[in-house]
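# Examining the three-dimensional arrangement
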Amino acid sequence: VKVLVTGAAGNLGSRTCRALTREGIDVVATDRHGRDDLPVRVHVADLLERRAIEALANGIDAVVHLGNHICFEPPDAPKIFGENVQMNVNVFEAAIAGGAKKLIFASSIQVIGSVPRLPKPNPADAPAYLPVDGESPPFPTNPYALSKQVGEVMLQYYTRVYGVESIAVRWPGMGPRGAAWGGDGPWEQNSPQLRPQAFAGVLSFEDAAELVLAILRTSLPGYRVYLPAPKRNMLGRPAAEVIERYLPNVPLRKPIDQIDNLVDLSRIQSETGWSPSD
Ligand SMILES: NC(=O)c1ccc[n+]([C@@H]2O[C@H](COP(=O)([O-])OP(=O)(O)OC[C@H]3O[C@@H](n4cnc5c(N)ncnc54)[C@H](O)[C@@H]3O)[C@@H](O)[C@H]2O)c1
């Protein structure tokens, strides 16, 4: 199996290259920055340059597309939005032309709620229901999140037109294993309406890379959205306490005493076998 990994020199990309290579997958790694501590060569290319990506995608079975602007408070909205969309169409078109049957795209939890909050209160500026999951409705409020939602719409298009499997992973906040974010920090103090990033917690890059591997190994026909999360929310408090304190008016999909995670991981677990290690 031959897999193109974009953003390979980045935090998740480097872990993904290691995890895939460990399992004997033939990885074609690319990033605009070089890196020489990975088990694969990183081909230096700009995803905004279509021809370079087309050459790298020749003969691949799947693409893991992680290379994007990752900023959520962009000083330059047209650049963040426009370049992400341009990178995404370049990569998806090249992957299809190169023979890929599976597209995995790094979307973001910010698609379902992000910063900044809207200037005027809006009932939709809260989770539609809890626990959230991959079906939670989009509600982007910044150009980065909007670019990720457009990436998801593009995946639906490629599945419809070319019949490929496509999976948008709405990554929550990620960090090195053991990263302690949150607690009684600004997330909590300034959040009468808690942001999804906070209640979903910080997933380790290592666990995230294992999910990419699990998705590659599983037959997943059609288009789907996954929302993975770690076991713990960012506040380090029981889910029921977070709901009662910050999200009291959100409809619940099961009794509060049966909610141990504000993100429902059951579909990801049953379809791929993946679950977070912490
Ligand atoms: N880290 C998080 O908390 C988080 C949360 C949600 C979603 N995501 C998404 O996951 C993906 C990976 O995130 P990460 O934390 O590894 O970010 P990262 O910044 O460490 O990696 C992204 C990589 O993309 C590359 N890149 C950007 N523009 C490029 C271009 N024009 N051409 C070639 N390469 C380019 C960068 O050089 C970088 O190495 C991103 O798409 C990001 O939006 C990350």
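Heads up: the structure comes first, above all this text.
Throughout what follows, the structure given in this document is the object of discussion. Bear in mind the structure is a predicted one, so any value in this text is a computation, not a measurement.

### Remarks on helix 4 (residues 143–162)
- With 20 residues, helix 4 should cover 28 Å at 1.5 Å per step; its first-to-last C-alpha distance of 28 Å lies within 8% of that length.
- Listing the buried residues of helix 4 in full gives Y144, A145, S147, K148, G151, E152, M154, L155, Y158 and T159. Looking down the long axis of helix 4, one finds its buried residues gathered within 170 degrees of arc, a one-sided arrangement.
- Measuring from the side-chain oxygen of the N-cap residue of helix 4 to the backbone nitrogen of Y144 gives 3.0 Å; that N-cap residue is N142.
- Once helix 4 finishes, G163 follows within two positions and takes phi at roughly 75 degrees, a positive value.

### Details of the packing of aromatic side chains
- All chains considered together, the criterion is met by four aromatic pairs.
- Note on F92 and F105: the rings are 5.7 Å apart at their centroids and 80 degrees apart in plane angle, and the pair reads as edge-to-face. One end of the pair, F92, is in helix 3 (residues 77–98); the other, F105, is in strand 5 (residues 102–108), with 13 residues separating them in the sequence. Taken individually, F92 and F105 each receive the classification buried, so the pair is uniform in this respect.
- Here the aromatic residues F92, F105, Y157, Y158 and Y162 are joined through ring pairs into a cluster of three or more.

### A short note on the pattern of salt bridges
- Applying the stated criterion to the full structure yields 18 salt bridges.
- Between R22 and E210 there is a salt bridge, with its nearest N and O atoms 2.9 Å apart. One end of the pair, R22, is in helix 1 (residues 11–22); the other, E210, is in helix 7 (residues 205–217), with 188 residues separating them in the sequence.
- In this structure, R51 and E54 form a salt bridge, with 2.9 Å as the shortest nitrogen-oxygen distance.

### Description of helix 8 (residues 239–246)
- Of all the residues in helix 8, the buried ones are A239, V242, I243 and Y246. The buried residues of helix 8 all sit within an arc of 100 degrees when viewed along its axis, so they share a single face.

### Some details on empty space enclosed by the protein
- Applying the stated criterion across every chain yields a total of two cavities of 30 Å³ or more.
- Size it by volume and the largest cavity reaches roughly 50 Å³.
- What lines the largest cavity is a set of ten residues, and nearest its centre among them are I112, G113, D125, A126 and R195.
- Counted as a void, the second largest cavity has a volume near 30 Å³.
- F199, A200, K231, R232, N233, A239, D260, N261 and L262 are the residues that line the second largest cavity.
- Considered class by class, the residues forming the lining of the second largest cavity number four nonpolar, two polar and three charged.

### Focus on the pairing of strand 1 (residues 2–6)
- Along strand 1, four of the five residues are buried, which leaves the element largely enclosed by surrounding structure.
- As judged from the five bridges shared by strand 1 and strand 2 (residues 26–31), these two strands associate in the parallel manner. In the sheet register, T6 faces strand 2, and the bridge partner there is T30.
- Crossover strand 1 to strand 2 through helix 1 is right-handed.
- Of the strand pairs in this sheet, strand 1 and strand 4 (residues 62–65) are connected by four bridges, and their pairing is parallel. Bridge pairing in strand 4 places V5 opposite V64.

Cut-offs and rules
The residue count restarts for each chain, going from 1 along the sequence in the order it is written. Residues qualify for local features only when their pLDDT is at least 70, as the model is predicted, and side-chain atom pairs are given and counted only at 80 or more; totals for whole chains, interfaces and linings, by contrast, use all residues. Here the side-chain values reflect all heavy atoms present in the structure, with hydrogen atoms and water set aside. Secondary structure elements follow DSSP: runs of H or I of four or more residues count as helices, runs of E of two or more count as strands, with numbering from the N terminus. A helix is expected to reach a length of 1.5 Å times the quantity of its residues less one. Remark: exposure states derive from per-residue accessible area (1.4 Å probe, protein chains only) relative to the maximum for the residue type, with buried under 20%, exposed over 50%, and partly exposed in between. Note that the arc is computed from the directions linking the helix axis to the C-beta atoms. We call two N or O atoms a polar contact when they sit within 3.5 Å, provided that within protein one can donate a hydrogen and the other can accept it, with sequence-adjacent residues counted only if both atoms are side-chain atoms. Centres within 6.5 Å are what make two rings of Phe, Tyr or Trp a pair, Trp counting through its six-membered ring; a difference in plane orientation under 30 degrees is then read as stacked, over 60 as edge-to-face, and the rest as tilted. Think of a salt bridge as a Lys or Arg side-chain nitrogen and an Asp or Glu carboxyl oxygen that are within 4 Å of each other. Each cavity reported here is a set of points on a 1 Å grid over the protein atoms alone in which a 1.4 Å probe fits but cannot get out, each pocket an open set with protein on both sides within 12 Å along at least five of seven lines, and each lining residue one with an atom within 4 Å of a point. Grid points are joined across faces, edges and corners, and a volume is the space filled by probe spheres set on the points. Polar here means any residue other than Ala, Val, Leu, Ile, Met, Phe, Trp, Tyr, Cys and Pro, which are nonpolar, and Asp, Glu, Lys and Arg, which are charged; Gly is therefore polar. Think of it this way: DSSP has to see at least two bridges between two strands before they count as a pair. Seen with its strands pointing away from the viewer, a crossover is right-handed if its path from the first strand over the helix to the second goes clockwise.

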